[in-house]
Amino acid sequence: RAEPSLLVNWMVWARRTHKEFEIAVRLDPSNFEAHRDLIRFEIYAPVVAGGGDDRALKHIEGLEKADALQGQLARGEFLNAKKRLGEADTVFARILDANTDRIGVYFEVAEFYRDRQNTAKMSEAIAAVERIDADDRRLKFYRGILLVMNGKNPTEAESLLKSYLATVPDNSDLPPHSSALEWLGKLYEAQERLSEATEEYRASLALDPHNKAVEDALKRVEKK
């Protein structure tokens, strides 16, 4: 159990973080990234630290008035986090039909459907990105994942994911290299290329040591 002093320090830090997000939104209401950060904090943080559903929903409603698409993305994230998956699916399907030119919106939709194992809807989101900018460098990552999920064209899937790792920097604004390595591991595991799967899972964990799913995958292939 955590020491009381550590809990107090965490609470102070969490409340300060929440306050900073609120200040950022107040100073620049058009900073929708700050809005999303504030809402995301309130979705996952306990009430005593500034979180809670009521606070999150209030700010979601405000964001929907300021920018409908960003507000709907925030609502979808809220519903997904609360395991209200049918409602979340309805929201993301509506966003998918929005016919926007904002690429980031479709990538967020693609991630939702990736996690839901809905390859048809994920494919629609990727196709929407391609219509806007077929050269967007993130497409290699998402196309590769989609091929792995569908179990099709493993050679192309491998090429796309390796190209993403080789040509796209690993930073917070782009899909992380740890995830691309994880999907390479899944690809190799599905092909029974177990030594290669082990190598990719280990590389993924080196970049993201707290990823329980990859840790479990590594244990699984090591037992085979």
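See the structure above.
Residues numbered from 1 in each chain as written. Predicted model: local features only at pLDDT ≥ 70, side-chain atom pairs only at ≥ 80, totals over all residues. Heavy atoms only, no water.

1. Thoughts on the overall build of the chain
Counting secondary structure elements, the chain contains twelve helices and zero strands. Each helix (α) and strand (β) of the chain, taken in turn from the N terminus, gives the series α-α-α-α-α-α-α-α-α-α-α-α. Seen through its C-alpha atoms, the chain measures out along the principal axes to roughly 50 × 50 × 35 Å. Within the chain, the proportion of its 224 residues that are buried is 43%. Charged side chains in the chain number 34 positive and 39 negative. The centres of these two groups are separated by 4 Å. (Helix = DSSP H or I, 4+ residues; strand = E, 2+ residues; numbered from the N terminus. Buried < 20%, exposed > 50% of the residue type's maximum accessible area, 1.4 Å probe, protein only. Lys, Arg positive; Asp, Glu negative; His and termini not counted. Charge placed at Lys NZ, Arg CZ, Asp CG, Glu CD.)

2. Details of the packing of aromatic side chains
Going through the model one piece at a time under the given rule, you end up with six aromatic pairs. Aromatic side chains Phe21 and Phe41 sit 6.2 Å apart centroid to centroid with 65° between the ring planes, which places their arrangement in the edge-to-face category. Of this pair, Phe21 sits in helix α1 (residues 4-27) while Phe41 sits in helix α2 (residues 32-44), placing them 20 residues apart in sequence. The partly exposed category is assigned to Phe21, whose relative accessible area is 23%. Their ring planes at 25° and their centres at 4.8 Å tell us that Phe107 and Tyr142 sit as a pair that is stacked. Within this pair, whereas Phe107 is found in helix α6 (residues 103-115), its partner Tyr142 is found in helix α8 (residues 139-150), the two being separated by 35 residues in sequence. Residue class for Phe107 comes out buried when judged on its relative accessible area of 4%. These aromatic residues form a ring-pair network of at least three members: Phe107, Phe141, Tyr142 and Tyr164. (Phe/Tyr/Trp six-rings, centres within 6.5 Å; stacked < 30°, edge-to-face > 60°.)

3. Here we look at helix α7 (residues 119-132)
The first and last C-alpha atoms of α7 sit 20 Å apart over 14 residues, in line with the 20 Å expected at 1.5 Å per residue. For α7, every residue scored as buried is listed here: Met122, Ala125, Ile126, Ala128 and Val129. One face of α7 carries all of its buried residues, which in axial projection span an arc of 150°. More than 90 degrees from the buried face of α7, the exposed residues found are Ala120 and Arg131. Tucked inside the fold, the buried residues of α7 contact α5 (85-96), α6 and α8. (Expected span 1.5 Å × (residues − 1). Arc of directions from axis to C-beta. Contact = heavy atoms within 4.5 Å.)

4. Some words on unusual backbone geometry
Glycine aside, residues mostly have negative phi angles, and peptide bonds mostly take the trans form. One non-glycine residue, Gln117, lies in positive phi territory at about 60°. Along the polypeptide, Gln117 turns up in the loop between α6 and α7. Classification of Gln117 as exposed rests on a relative accessible area of 57%.

5. A short note on the nonpolar core
Counting 58 residues, the largest nonpolar core has Ile95, Val109 and Met122 as the members making the most contacts within it. Once you skip the residues sitting within four places of it in the chain, Met122 turns out to touch Ala110, Tyr113, Arg114, Tyr142, Ile145, Leu146 and Met149. (Core = buried A, V, L, I, M, F, W, Y, C linked by side-chain atoms within 4.5 Å.)

6. Things to note about the packing of α5 against α6
Where α5 meets α6, the closest approach of the two axes is 10 Å, and the angle between their N-to-C directions is 145°. Every pair of crossing elements has a handedness; the one defined by α5 and α6 is left-handed. When α5 is examined against α6, the residues Ala88, Asp89, Phe92, Ala93, Ile95 and Leu96 are found in contact with a partner set consisting of Val105, Tyr106, Glu108, Val109, Phe112 and Tyr113. (Axes fitted to C-alpha atoms, helices over the stretch in contact; angles between N-to-C directions. Left-handed = near helix turned anticlockwise from the far one by under 90°.)

7. Side note on the layout of surface pockets
Taken as a whole, the largest pocket spans an internal volume of roughly 1,000 Å³. Together, 29 residues line the largest pocket, and Arg36, Arg40, Gly104, Glu108 and Glu111 are the ones closest to its centre. Residue assignment for the lining of the largest pocket shows that the elements contributing at least two residues are α2, α4 (68-81), α6 and α8. Broken down by element, the residue count for the lining of the largest pocket peaks at eight residues, all from α6. (1 Å grid on protein atoms, 1.4 Å probe; cavity = no way out; pocket = protein on both sides within 12 Å on 5 of 7 lines; lining within 4 Å. Points joined across faces, edges and corners; volume = space filled by probe spheres on them.)

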